[in-house]
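Structural characterization, general
So you can see what is in the structure, the chains are spelled out below.
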Amino acid sequence: MITPIIDDMAIDRLRALINGARHIAITCHKSPDGDALGSTLALCHVLRRLGKDAVVVTPDMAPRALDFIPGVRDLVVFTKHEARARRVLSDAQLIFCLDFNSLHRIDRLGEVIEPLPAPRVLIDHHLNPEDIFDLAISHPELSSTCELVFRLLMQMGLLRYLDRLAASCLYVGLLTDTGGFAYSCDNPEFYEILASVMRRHIDRIGLYNKAMNTFSADSLRLQGYAINEKMQLFPEQGAALIVLDRQELERFNYSKGDTETLVNKPLAIPGIFWSVFMREDPDKIKVSCRSQGDFSVSDICARYFGGGGHQNAAGGDFNGTMEQAVALFHQVLADLFPAADSTEQPQQ
Ligand code: 5GP
Ligand code: MN
């Protein structure tokens, strides 16, 4: 039994909004991941089956590693097709915002969407959503936005429109946002949803291998280098830090997505319960954090790196030099573990 956790009033409101719209735009956060793409594309498939003119508009390109998700080639990418993206959004009578909680997470798309008159519907599982949506369906207790989309379809009585393609999209988000069913999936209902998705005859093994187990040779070499030569351990604070600068990324022909799961790796080491990865992007330092148990990296990212996310998986941006970003990490160590010796040389 899958409990109907979404408020009935929200379901009624959403049904009315969908019934009243023909042109519908769906968007998600920048640097879209498996959950962002899986949830938007699944919703788009279902809305199209309902006869709607639905289009997914992303702030930037999907990583090449995720181009197997059904529908990914039809994305309208703002940084690539700006005029078309603006047209789709201004024609839209309803705008869905999936897998993000604040407009700054969608870059310049935020400025485009903000003044538009179309109602905005948030469907998300991040903590503390901004109060800028006409309807906010926010469930941070859920594994993924894909799980929330499934529950919405179920409660709206639309599961018969969830076909194999849409179910394949949802599977990718359920899989990737839980690190391959490793975390954020303690609710037994998660597996009932997974079973229902699998009943749609998805190619489970094929999708699993593409989503979890496919890396370019460059990416594998970069990860090996990062772990072998760049991983610093701080056993007293249970922490790990990996830093990659532009030069190192270029040496391994870095392309977007190549370091996607790197930040998780140090958590395999007994005693390491939080991990930080800093990558020098052209315009900023991207910070990614992961943790185990009650230790909240979302709080750290919100307080120090202008970001957020979930308790065990969060991120943020740092505007400054890599040295300053690393200094801030040491500040976090000193603030959170005042009794531990943060100045000690980290064990390599
Ligand atoms: P990742 O480390 O994979 O980029 O992100 C992990 C989680 O943190 C994701 O749920 C993502 O949405 C969230 N996140 C990543 N970067 C940011 C950020 O800059 N701001 C906020 N609010 N959340 C972020
Ligand atoms: Mn997500």
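Just above, that's the structure.
Residues numbered from 1 in each chain as written. Chains lettered and ligands numbered in written order. Predicted model: local features only at pLDDT ≥ 70, side-chain atom pairs only at ≥ 80, totals over all residues. Heavy atoms only, no water.

Some thoughts on the site of ligand 1
Neighbouring ligand 1 are 13 residues, the closest being Arg105, His126, Lys286, Ser288 and Arg290. Between ligand 1 and the protein, one listed contact pairs a nitrogen atom with a side-chain N or O atom of Lys286 at 2.7 Å. In this structure, a nitrogen atom belonging to ligand 1 sits 3.1 Å away from a main-chain N or O atom of Gly308. When the free accessible area of ligand 1 is taken as 490 Å², the share hidden by the protein chains comes to 88%. Of all elements in the fold, only strand S10 (285-291), strand S11 (308-309) and strand S12 (313-318) reach the threshold of two or more residues within the shell around ligand 1. Sorting elements by how many residues they give to the shell around ligand 1 places S12 first, with 4 residues. Residue classes in the shell around ligand 1 are distributed as 2 nonpolar, 8 polar and 3 charged. (Near = heavy atom within 4 Å. Polar contact = N/O pair within 3.5 Å; in protein donor to acceptor, adjacent residues only side chain to side chain. Areas by Shrake-Rupley, 256 points an atom, 1.4 Å probe, with all protein chains shown as cover. Helix = DSSP H or I, 4+ residues; strand = E, 2+ residues; numbered from the N terminus. Nonpolar A, V, L, I, M, F, W, Y, C, P; charged D, E, K, R; others polar.)

Comments concerning the sheet that holds strand S7 (residues 232-234)
With mixed pairing, 6 strands are arranged side by side in an open sheet as S7-S8-S9-S10-S12-S11. With partners counted over all chains shown, the strands left at the sheet margins are S7 and S11, one partner each. As paired elements, strand S9 (residues 274-280) and S10 share 7 bridges and run antiparallel to each other. Note that in S10 the partner of Met278 across the bridge is Val287. Together, S7 and strand S8 (239-244) form the strand contacts of helix H9 (residues 217-230), whose direction differs from that of S8 by roughly 125 degrees. Helix H12 (residues 322-336) rests against S7, S8, S9, S10 and S12 of the sheet, and its axis sits at about 165 degrees to S9. (Pairing = 2+ DSSP bridges. Contact = heavy atoms within 4.5 Å. Axes fitted to C-alpha atoms, helices over the stretch in contact; angles between N-to-C directions.)

A short note on the nonpolar core
Among the nonpolar cores identified, the biggest contains 60 residues, and Leu14, Ile26, Ile69, Phe96 and Leu162 are the most heavily contacted of them. Among residues more than four places away in sequence, those in contact with Leu162 are Val46, Phe150, Leu153, Ala167, Leu170 and Arg200. (Core = buried A, V, L, I, M, F, W, Y, C linked by side-chain atoms within 4.5 Å. Buried < 20%, exposed > 50% of the residue type's maximum accessible area, 1.4 Å probe, protein only.)

Some details on the coordination of the manganese ion (ligand 2)
Within the protein, Asp35 (OD), Asp99 (OD), His125 (NE2) and Asp177 (OD) serve as the donor atoms for the manganese ion (ligand 2), at 2.2 to 2.3 Å. One chain supplies every donor to the manganese ion (ligand 2), and in sequence these donors are spaced D-x63-D-x25-H-x51-D. Of this pair, Asp99 sits in the loop between strand S4 (94-98) and helix H4 (108-113) while His125 sits in the loop between strand S5 (120-124) and strand S6 (135-138), and the two are 26 residues apart along the sequence. Judged on exposure class, the residue Asp99 and its partner His125 are both buried. (Donors = N, O, S within 2.8 Å, 3.2 Å for Na, K, Ca; no water.)

Digging into unusual backbone geometry
Working note: non-glycine residues mostly have negative phi, and peptide bonds are mostly trans. Phi angles above zero are rare outside glycine, and Asn128 is one such case at about 50 degrees. Of note, Asn253 is a non-glycine position whose phi angle comes to about 50 degrees, a positive value. With respect to the helices, strands and loops of the structure, Asn253 is situated in the loop between helix H10 (246-251) and S9.

Examining the pairing of S5
With respect to burial, S5 is a largely interior element, 5 of its 5 residues being buried. Summarising the sheet, S4 and S5 pair through 4 bridges and their orientation is parallel. Paired with Cys97 across the two strands is Leu122, which belongs to S5. Viewed along the sheet, the connection from S4 through H4 into S5 turns out right-handed. The sheet contact formed by S5 and S6 spans 4 bridges and is parallel. Across the sheet, Ile123 pairs through a bridge with Ile137, a residue of S6. (Right-handed = clockwise from strand over helix to strand, strands pointing away.)

Focus: the packing of aromatic side chains
Within the structure shown, the criterion is met by 11 aromatic pairs. Here the aromatic rings of Phe295 and Phe337 are separated by 6.2 Å at their centres, their planes lie at 20 degrees, and the arrangement is stacked. Of the two residues, Phe295 sits in the loop between S10 and helix H11 (297-305) while Phe337 sits in the segment after H12, which places them 42 residues apart along the sequence. Looking at Phe295, the relative accessible area reads 17%, which means it is buried. Pairwise contacts between aromatic rings join Phe234, Phe273, Trp274, Phe295, Phe329 and Phe337 into one cluster. One cation-aromatic arrangement involves Arg251 over Tyr225; the distance from NZ or CZ to the ring centre is 4.9 Å. (Phe/Tyr/Trp six-rings, centres within 6.5 Å; stacked < 30°, edge-to-face > 60°. Lys NZ or Arg CZ within 6 Å of the ring centre and 35° of its normal.)

A look at helix H7 (residues 188-198)
Considered for burial, the residues of H7 that qualify are Glu189, Phe190, Ile193, Leu194, Ser196 and Val197. Viewed end-on, H7 has its buried residues packed into an arc of 160 degrees, placing them on one side of the element. On the buried face of H7, the contacting elements are helix H5 (145-155) and helix H6 (164-176). Here H7 starts with a cap whose side-chain oxygen sits 2.9 Å from the backbone nitrogen of Glu189, and that cap is Asn187. (Arc of directions from axis to C-beta.)

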